[in-house]
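This is what each chain is made of:
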Amino acid sequence: MLQRLREPLTLLLLGLLPFHALLVTVGTKLISGSGHAPLTALALWKEALLGIILLIAFIEWLRTPSKPCRSRWAFDDIDLLIIGLVIFSIVITSLSHADWKLYAFGFKYDFIPLITFFALRRVVWSKTFFRKAMSVLVMVGAVIAAYAVDTLYLPERFFYWLGYSDLHSLYVPDQPLAAFQYLEGGGWRRVQSVMSGPNQLGLWLLIPFSISLVLVLRNTVATLLRCYVSRFIVLGLIVIGLFLTFSRSAWIGVAVIIVVAVVLTQSKDLVRRYVLNMFVAGVIALIIGVLIKPDVFLRLSSSKDHLTRPIEAAMTMWENPFGLGLGTAGPASNRVSDTCVHLKADDDPSWASDRPNLCVFLGDSQVQPPLIKDELRLAGQPTDRECKCPNLPENWYLQIGVEMGFAGLAAFALIILFILRKLRKNKEALPIFLGFLGISIAALFLHAWEDSAVALTVWILAAYVCSLSSAGSASTGSD
C-alpha cells in the first residue's frame, strides 16, 4: 500500500518540478501583487512533497525485514561516501565560518538530492513506475519546449502580467524572476520557458532528450516510419528548445549524449560512419555559426568568466585545502550576496540609476554614487555598506572543492563515477545514464546541479536503477 502511494506521488513531483518557477511566480503575483519576491510558503511546495515521499520511504524501509544475505543496514561505497561527505561538511563548516543559516542554504543545493538518492534506493520500485516516469518526462518536455518557442514572440508585457520582473538577464534574490535573458550585444532572447533561466531549461531538457533519442535509436527505420513518427516530432521539438536556450554547456551535453548513445546502440560499422559524419558536421556547423553570429557562439564576456572563475576557485582551494565551509560558493552564495552587474569599461550604466540595490562594475571598477546630491545617481552600490558579490566558480566540482576542499571534491567525483558505472551496467537505464552523463559533463562549465528540477529528477531516477531492493527494480536486469 505504501509503495502504491509513494510511486504516484513521485511521478507527480517529477512532472511538476520543471514548472516550479512559473507556478511560484504566478502564485506570488496573485497573492501579493507585482514586484514581490517569490513567497517562501509557495516555494516550499516541492520540499513538502519530497518530504512526504521520503517519510513514506522511511516507513517502508523500517518495515522491510532483513534478509539472510543482506541486512537492512547494509551500506555500499556510494552510501558511505554520501554519509562521509555530510559529516565532513559539518566539521569543516564548524571550523570555518560556522554560519549555520548559510550552511542550510548550501545543504539544500549540495545534499538534498544526494540524501533523496540515499533514501529512495532502499525501497522497492515497480517497473511500471519507470515506464510511466519516462512517458511523463517526454510529454512534459514536449510541452515545455513548445512553450519555449512561443516565448520568443510573446510581448514583454505578457510576462509582467504573469508576475515576472521588468529586469532581464539578472537574478536579484529579493525580487521576482526575470522572464528571459538576452544574448550579449544583441536583442536575441535566450528562452527559459517555465523555468528560472535558460541554462536550467537546457540542462533539464537533456533528460527528455536522452529518453527520446534512445527511443528513436532502438527502433528500425521501418518501424519508426510506420508507428513512431510522433517520436521524431517530439525529439525535434526538444532539440529546437535546447538550441534556443543558447546554453553552450547544454549543447556540449547534447553532443556527448549523441555520441555515446550511438556507440552503445549501433553496430561498429555504423558507429564509425555515424561518429565521423557527426564530428565533421558539428565542426562545419560550429565554424559557420561563429562566422555568421560570433556574438552568439563566442560571447566573450561570458567565456572570460568561464575561464577566469574556475582558475580563481582552484587558487582558493590551494590556499584553503580543507575548504571554506558549506554555502560559501555557488548558488548558496548567490542567495546571500549582492546582485553584481559587470559591464564593459565603455558601457553606459545610467540604466541602473533607479536601482540602488544593484552593484554595477565598469570593467574592474565599481560605479560610485555621485558626491553632488542633485546629480543623476548611477546607483553602483548601496551607500551604507560594501558590496559583496557571489562566489561563482562556474564549475560544480570546483564549487564543492571551495566549500569542502580537496577531500570533498574527491568524494563527490567518486559518487558521480560510481553511479555512472552502475547506470551503464543496465540496458533499461540507458536514457538515465545518458542524461546523468550529459549533466555531469555540463557541470564542468556551470553549476549544473543547482536547479531542483534537474537534480531531483536525475537522482530519483538513479535511485530507482541503483535500488538495493531487487524485487521489481531495474537493478535486476544488467547486461
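Look up a bit, the structure's there.
Below you will find a few notes about this structure. (Residues numbered from 1 in each chain as written. Predicted model: local features only at pLDDT ≥ 70, side-chain atom pairs only at ≥ 80, totals over all residues. Heavy atoms only, no water.)

It is the contact of helix H10 (residues 198–217) with helix H13 (residues 248–265), at a shortest axis distance of 10 Å, that shows an interaxial angle of 20 degrees. Classified by the interaxial angle, the pair formed by H10 and H13 is roughly parallel. H10 and H13 meet at a crossing whose hand is right-handed. Across the interface between the two elements, Gly-202, Leu-203, Leu-206, Phe-209, Ser-210, Leu-213 and Leu-217 of H10 pack against Ala-250, Gly-253, Val-254, Ile-257, Ile-258, Ala-261, Val-262 and Thr-265 of H13. Residues of the contact of H10 with H13, tallied by class, amount to 11 nonpolar, four polar and no charged. (Axes fitted to C-alpha atoms, helices over the stretch in contact; angles between N-to-C directions. Helix = DSSP H or I, 4+ residues; strand = E, 2+ residues; numbered from the N terminus. Parallel < 35°, antiparallel > 145°, perpendicular 65-115°, else oblique. Left-handed = near helix turned anticlockwise from the far one by under 90°. Contact = heavy atoms within 4.5 Å. Nonpolar A, V, L, I, M, F, W, Y, C, P; charged D, E, K, R; others polar.)

A word on the environment of His-306. Within the secondary structure layout, His-306 lies in helix H16 (residues 300–319). A residue is classified by how much of its surface remains accessible, and His-306, at 23% relative accessible area, is partly exposed. Each C-alpha atom of the pair His-306 and Leu-446 lies 8.3 Å from the other, and the pair is 140 residues apart in sequence. Here His-306 is in contact with Arg-248, Glu-394, Phe-445 and Leu-446, once residues within four sequence places are set aside. (Buried < 20%, exposed > 50% of the residue type's maximum accessible area, 1.4 Å probe, protein only.)

Taken together, Trp-73, Phe-75, Leu-80, Ile-83, Ile-87, Val-91 and Leu-95 make up a surface patch of nonpolar side chains, about 710 Å² in accessible area. Within the element layout of this structure, Leu-95 appears in helix H5 (residues 77–95). (Patch = residues over 30% accessible without salt bridge, like charges linked within 9 Å, V, L, I, M, F, W, Y side chains within 5 Å. Areas by Shrake-Rupley, 256 points an atom, 1.4 Å probe, with all protein chains shown as cover. Salt bridge = Lys/Arg side-chain N within 4 Å of Asp/Glu carboxyl O.)

Once that is clear, we can look at helix H4 (residues 45–63). For H4, which comprises 19 residues, the first-to-last C-alpha distance of 27 Å matches the rise-based estimate of 27 Å (1.5 Å per residue) to within 8%. Looking at the buried residues of H4, the elements they touch are helix H1 (2–16), helix H2 (20–32), helix H3 (40–43), helix H7 (112–120) and helix H20 (452–465). (Expected span 1.5 Å × (residues − 1).)

With that settled, the discussion passes to the packing of helix H6 (residues 100–110) against H7. In the contact formed by H6 and H7, the axes pass within 4 Å of each other and the chain directions differ by 50 degrees. Between H6 and H7, the interaxial angle falls into the category oblique. Judged by residue contacts, Phe-107, Lys-108, Tyr-109 and Asp-110 of H6 engage Ile-112, Pro-113, Leu-114 and Ile-115 from H7. For the contact of H6 with H7, the class distribution of residues is six nonpolar, no polar and two charged.

Attention now moves to the side chain of Ser-249. For Ser-249, the location among the structural elements is in helix H13. Residue class for Ser-249 comes out buried when judged on its relative accessible area of 6%. Not counting chain neighbours up to four residues away, the residues in contact with Ser-249 comprise Ala-442, Phe-445 and Leu-446.

What follows concerns the packing of aromatic side chains. On inspection of all chains with the given rule, the structure shows 22 aromatic pairs. When the centroid spacing of 6.1 Å and the interplanar angle of 20 degrees are considered together, the rings of Phe-75 and Phe-118 count as stacked. Here Phe-118 lies in helix H7 and Phe-75 lies in the loop between H4 and H5, a separation of 43 residues in the sequence. Summarising the aromatic geometry, the rings of Phe-243 and Trp-251 are spaced 5.5 Å apart at their centres and angled 5 degrees between planes, so their arrangement reads as stacked. Note on Phe-243: relative accessible area 43%, which makes it partly exposed. In textbook terms, an aromatic cluster arises when at least three aromatic residues are bridged by ring pairs, as seen for Phe-158, Phe-159, Trp-161, Tyr-164, Phe-180 and Tyr-182. Above the face of the Phe-118 ring, Arg-122 is positioned so that its terminal group lies 4.3 Å from the ring centre. (Phe/Tyr/Trp six-rings, centres within 6.5 Å; stacked < 30°, edge-to-face > 60°. Lys NZ or Arg CZ within 6 Å of the ring centre and 35° of its normal.)

Here we take up the pattern of salt bridges. Scanning the model with the defined rule gives six salt bridges in all. Among the ionic pairs, Arg-121 bridges to Asp-79, the shortest N-O distance being 3.0 Å. Taken together, the residues Arg-121 in the loop between H7 and helix H8 (127–151) and Asp-79 in helix H5 connect sequence positions 42 residues apart. Judged by its relative accessible area of 0%, Asp-79 falls in the buried class. Here Glu-394 ties to Arg-309 by a salt bridge, and the two come within 3.2 Å at their closest N and O atoms.

Even without glycine at this site, Ala-98 takes up a positive phi of about 55 degrees. When you line up the elements, Ala-98 lands in the loop between H5 and H6.

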